[in-house]
Amino acid sequence: MTGPRMTGPLTSGPLTSATGPGIIVVGASLAGVRAARALRERGYGGRLTLVGDERHPPYDRPPLSKEFLTGPADAERFGLPLDGLEADWVLGRAAERLDPRRLVVALDDGTEMPCEGLVIATGSRARPWVADAPRRGVHTLRGLDDARALGAALAGGGPLLIAGAGFVGTEIAAAARAADVPVTLVDKAARPWIGRFGAEAAAFVERLHRDAGVDLRCGTRVEALTGDGDGDDRVTGAELSDGTSVAAGTVVVALGAVPSTGWLAGSGLALDQGVRVDAYCRALRTDGTHVPGIVAAGDVARWPHPWVPGRGLTLGHWSNAVEQAEVAARTLLFPQEPTAYRPVPSFWSDQYGVKFRSVGLPELADTVEVREQSTERRRLDLAYYRDGALVGALTANRAARTASYQAQLAAALALAPDGPLPGRQAATS
Amino acid sequence: MKTHVDRDLCDNHGQCVFAAPEVFSFDDDDYLLYTEEAGDELQEKVAKAAAVCPVRAITFTGGSLAAGA
């Protein structure tokens, strides 16, 4: 079976004419900026436009749920380097629609922007609280404005109620405790992190938070947020599903993230809690064929990892945005010879002076090997296996071990077969 | 080529160790170790390590990929 080579807007060569509409990157955060940088570093000399819905220049998000919340508010430190990008910036504007056939992006002010290549990097947003809520004192945390608002609220002393003990929820709890703010942390699971990392890790995380004085309520969920109802409409606490209630001056809803794909509705791209892409970061249509000239990277992309074929996965981690953006940019510039994206996923989390590091995909494991677990020394070393093969690791204050796991996982992945060969699943429309 | 890590910035994330284990490593106390002088054949890996450092603590000079080299 020989399909035609991919034909697309960029097949005339990667360095399209300087007078053409060029490449648009929708999303001006980490993945978007890194894609833009990769395009330039790989020789793209045409027009390059970044569209971002925040009015701030691009910045790094990891500090927002950590030291930034209760430390000095020096956001400048977290700005992403933009030197050499030679880009046009459209900030404070959101993309509203995409016509993938004509390659036109429509913005929320009515502007229509044609392009020759498109990078979708719109990231994700915090999952909102959908039930009724008081107007004041209820926060989510995703962007710089969110972090500033939450930081100001915490400076008022709390007490703080956090709904959701995932990565963001536990990091906010740690930051708040460092500033001596009373914290109640609520999660429907039996323990924090248990869904992704299992009982051993969860016990370690639980102990850290309890030792720091967090009022941890697990196996229950926030049913309703209560307010003072006297016109100020400020939050006063929450009612939990176990029948108890918690008083709070500030509430953070930390129930995960939702990929930002609303603007792609009706475009014909395959949307499934993220934009579906193939192994080369090429955006897919609902019929499974890829769209010439459109790639996606970062939190918004749902991609097939060799260990998670089929529906694939989305990852909201810093390193995923960086590495996937690089591959997506390469695919866009050199569509005839793309390379597959097959990273060893990794992330870190800082809580109470403990640095957690994870590599691989521990959530795939059927077996956990506890190699070290010491709450006194604040060290953890867990290896995760599926069918006897290492698929991930989680460590705390054990950096060298993490690196060794990462090397093993990288070696295993190097042997995994690629996805469908480029060109085999050719665009036929 | 010469590699430098700004210890004031380094937060021991370890991404550099993943990218260029020939140059970067950790000791048992999570202290980052690295080789200041490395052969030019490693500069692509060191460049990758610098690019994936979340706090941009890594700089290098002397190779053809070095900024301002």
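The rules behind these values
Residues numbered from 1 in each chain as written. Chains lettered and ligands numbered in written order. Predicted model: local features only at pLDDT ≥ 70, side-chain atom pairs only at ≥ 80, totals over all residues. Heavy atoms only, no water. UniProt positions renumbered as here; feature names shortened; annotations may be inferred. Contact = heavy atoms within 4.5 Å. Buried area = accessible area lost by both parts, 1.4 Å probe. Salt bridge = Lys/Arg side-chain N within 4 Å of Asp/Glu carboxyl O. Axes fitted to C-alpha atoms, helices over the stretch in contact; angles between N-to-C directions. Helix = DSSP H or I, 4+ residues; strand = E, 2+ residues; numbered from the N terminus. Parallel < 35°, antiparallel > 145°, perpendicular 65-115°, else oblique. Left-handed = near helix turned anticlockwise from the far one by under 90°. Nonpolar A, V, L, I, M, F, W, Y, C, P; charged D, E, K, R; others polar. Buried < 20%, exposed > 50% of the residue type's maximum accessible area, 1.4 Å probe, protein only. Expected span 1.5 Å × (residues − 1). Arc of directions from axis to C-beta. Lys, Arg positive; Asp, Glu negative; His and termini not counted. Domains from an automatic or database assignment. Polar contact = N/O pair within 3.5 Å; in protein donor to acceptor, adjacent residues only side chain to side chain.

- As recorded by an unreviewed UniProt entry, chain B carries the name Ferredoxin and is attributed to Streptomyces gossypii.
- In its Function (unreviewed entry) section, the UniProt entry covering chain B states "Ferredoxins are iron-sulfur proteins that transfer electrons in a wide variety of metabolic reactions."

- An unreviewed UniProt entry lists chain A under the name NAD(P)/FAD-dependent oxidoreductase, from Streptomyces gossypii.
- Annotation of chain A in UniProt includes, under Cofactor (unreviewed entry), the sentence "FAD".

Some details on the interface of chain A and chain B
Right, so step 1: In this assembly, 24 residues from chain A lie in contact with 16 residues from chain B.
Right, so step 2: Of the roughly 1500 Å² buried between chain A and chain B on both sides combined, carbon and sulfur atoms contribute 50%.
Right, so step 3: When the buried area of chain A at its contact with chain B is split by residue, Trp318, Trp348 and Arg357 of chain A rank highest and sum to 24% of it.
Right, so step 4: Counting every contact that joins chain A to chain B gives 4 salt bridges.

Remarks on the packing of helix H4 (residues 167-178) of chain A against helix H5 (residues 194-211) of chain A
Between two packed helices, the angle of one axis relative to the other and the distance separating the axes together describe the packing.
All names here are of chain A.
Right, so step 1: Between H4 and H5, the least distance of the axes is 12 Å, while the angle of their chain directions is 15°. Taken together, H4 and H5 sit at an angle that is classed as roughly parallel. Helix-helix and strand crossings are classified by hand; for H4 and H5 the assignment is left-handed. Of H5, the residues touching H4 (which contributes Phe167, Thr170, Ala173 and Ala174) are Arg196, Phe197, Val205 and His209.
Right, so step 2: Considered class by class, the residues forming the contact of H4 with H5 number 5 nonpolar, 2 polar and 1 charged.

Details of the pattern of salt bridges
All names here are of chain A.
Right, so step 1: All told, the structure shown has 31 salt bridges over all chains when counted by the stated rule.
Right, so step 2: Notably, a salt bridge pairs Glu171 with Lys66, separated by 3.2 Å at the nearest N-O pair. Of this pair, Glu171 sits in helix H4 while Lys66 sits in the loop between strand S2 (48-52) and helix H2 (67-70), placing them 105 residues apart in sequence. Summarising the burial analysis for this pair, Glu171 and Lys66 share the class buried.

Concerning helix H7 (residues 399-414) of chain A
Residue and element names in this part refer to chain A.
Right, so step 1: The terminal C-alpha atoms of H7, which comprises 16 residues, lie 23 Å apart, in line with the 22 Å expected from a rise of 1.5 Å per residue.
Right, so step 2: Listing the buried residues of H7 in full gives Ala399, Thr402, Ala403, Tyr405, Gln406, Leu409 and Leu413. Seen end-on, H7 carries its buried residues on one side only, within an arc spanning 160°.

What to know about the side chain of Asp187 of chain A
All names here are of chain A.
Right, so step 1: Its location among the elements puts Asp187 in strand S11 (residues 183-187).
Right, so step 2: There is no salt bridge for the buried Asp187, and the closest opposite charge comes from Lys188, which lies 5.5 Å off by N-O distance.
Right, so step 3: With residues up to four places along the chain from it excluded, the contact list for Asp187 reads Gly164, Ala165, Gly166, Arg217, Cys218, Gly219 and Thr220.

A closer look at the domain arrangement of chain A
Residue and element names in this part refer to chain A.
Right, so step 1: When cut into domains, chain A gives domain 1 (23-125 + 258-333), domain 2 (128-251) and domain 3 (353-414).
Right, so step 2: Computed over C-alpha atoms, the centres of domain 1 and domain 2 are 30 Å apart.
Right, so step 3: Summed over both partners, the interface of domain 1 with domain 2 buries about 1500 Å², with 61% contributed by carbon and sulfur atoms.
Right, so step 4: By the criterion of area lost to domain 2, the three top residues of domain 1 are Ser65, Leu69 and Thr70, representing 34% of everything that side buries.
Right, so step 5: In this structure, the connection of domain 1 to domain 2 is made through 3 salt bridges.
Right, so step 6: Applying the counting criterion to the domain 1 and domain 2 interface returns 8 residue pairs in polar contact (both at pLDDT 80 or more).
Right, so step 7: Of all the secondary structure elements, the ones that give two or more residues to the side of domain 1 that touches domain 2 are H2 and strand S8 (124-126).
Right, so step 8: The leading source of residues in the side of domain 1 that touches domain 2 is H2, at 3 residues.
Right, so step 9: Looking at the side of domain 1 that touches domain 2, its residues break down into 5 nonpolar, 5 polar and 6 charged.

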